[in-house]
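# A structural walkthrough
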Amino acid sequence: MTALDALQSPQFITIKGKRFVLLETDDWEALIAWLEDKEDEAIIQQAYARLAEAGFDREKAGWMAWEKAKEMIE
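Here we summarise the structure given alongside this text. The structure displayed is predicted, hence computed values, not measured ones.

### Let's talk about the overall build of the protein
Helices and strands together make up the secondary structure of the protein, namely three helices and two strands. Reading the helices (α) and strands (β) of the protein from amino to carboxyl end gives α-β-β-α-α. Relative to the compact-globule value of 11 Å for 74 residues, the protein shows a C-alpha radius of gyration of 21 Å, a clear excess of over 25%. For the C-alpha atoms alone, the extent of the protein along its principal axes is close to 55 × 30 × 25 Å. Residue burial in the protein is summarised as follows: out of 74 residues, 12% are buried. Once local pairs closer than 6 in sequence are excluded, the contacts in the protein between residues at least 24 apart make up 21%. When the accessible surface of the protein is totalled, it reaches about 6,700 Å², and 55% of it is carbon and sulfur.

### Observations concerning the pairing of strand E1 (residues 11-15)
For E1 and strand E2 (residues 18-22), the ladder comprises five bridges, and the chain directions are antiparallel. Opposite Thr14, over in E2, you have Arg19 as the bridge partner. Here E1 folds back onto E2, and the loop between the two strands holds two residues, one of which, Lys16, carries a positive phi near 50°.

### Points about helix H2 (residues 25-53)
If you check H2, its first and last C-alpha atoms are 42 Å apart, about what 29 residues at 1.5 Å a residue would give, namely 42 Å. Inspection of H2 places Asp27, Ala30, Leu31, Ala47 and Leu51 among the buried residues, and these make up the whole buried set. Following H2 by one or two positions, Gly55 has its phi on the positive side, about 65°.

### Regarding the environment of Ile13
With respect to the element layout, Ile13 can be found in strand E1. Overall, Ile13 belongs to the partly exposed group, its relative accessible area being 30%. The residues touching Ile13, leaving out its near neighbours within four places in the chain, are Lys18, Arg19, Phe20 and Leu22.

### Brief notes about the pattern of salt bridges
Here the structure, examined in full by the defined rule, presents one salt bridge. A salt bridge links Lys38 to Glu41; the shortest N-O distance between them is 3.2 Å. With Lys38 and Glu41 both in helix H2 and three residues apart, the pair spans about one turn of that helix.

Calculation rules
Residues numbered from 1 in each chain as written. Predicted model: local features only at pLDDT ≥ 70, side-chain atom pairs only at ≥ 80, totals over all residues. Heavy atoms only, no water. Helix = DSSP H or I, 4+ residues; strand = E, 2+ residues; numbered from the N terminus. Rg over C-alpha atoms; globule rule 2.2 N^0.38 Å. Buried < 20%, exposed > 50% of the residue type's maximum accessible area, 1.4 Å probe, protein only. Contact = heavy atoms within 4.5 Å. Areas by Shrake-Rupley, 256 points an atom, 1.4 Å probe, with all protein chains shown as cover. Pairing = 2+ DSSP bridges. Expected span 1.5 Å × (residues − 1). Salt bridge = Lys/Arg side-chain N within 4 Å of Asp/Glu carboxyl O.

In structure tokens:
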């Protein structure tokens, strides 16, 4: 199921004058996964834009060398 499907399949209930949305767990998880993907896409676009502004020079763009990143996690 896609996030769009999840958004089209909710049920609504009203309790004490407030409306609530009910989603199946699979629909909720699909929606969260879609939102996380969108957030990741925005991060990638920003990183690419910074890299392009730096003439695709990774160091100039502030990117850490892979070797140094590897050392940090070992």
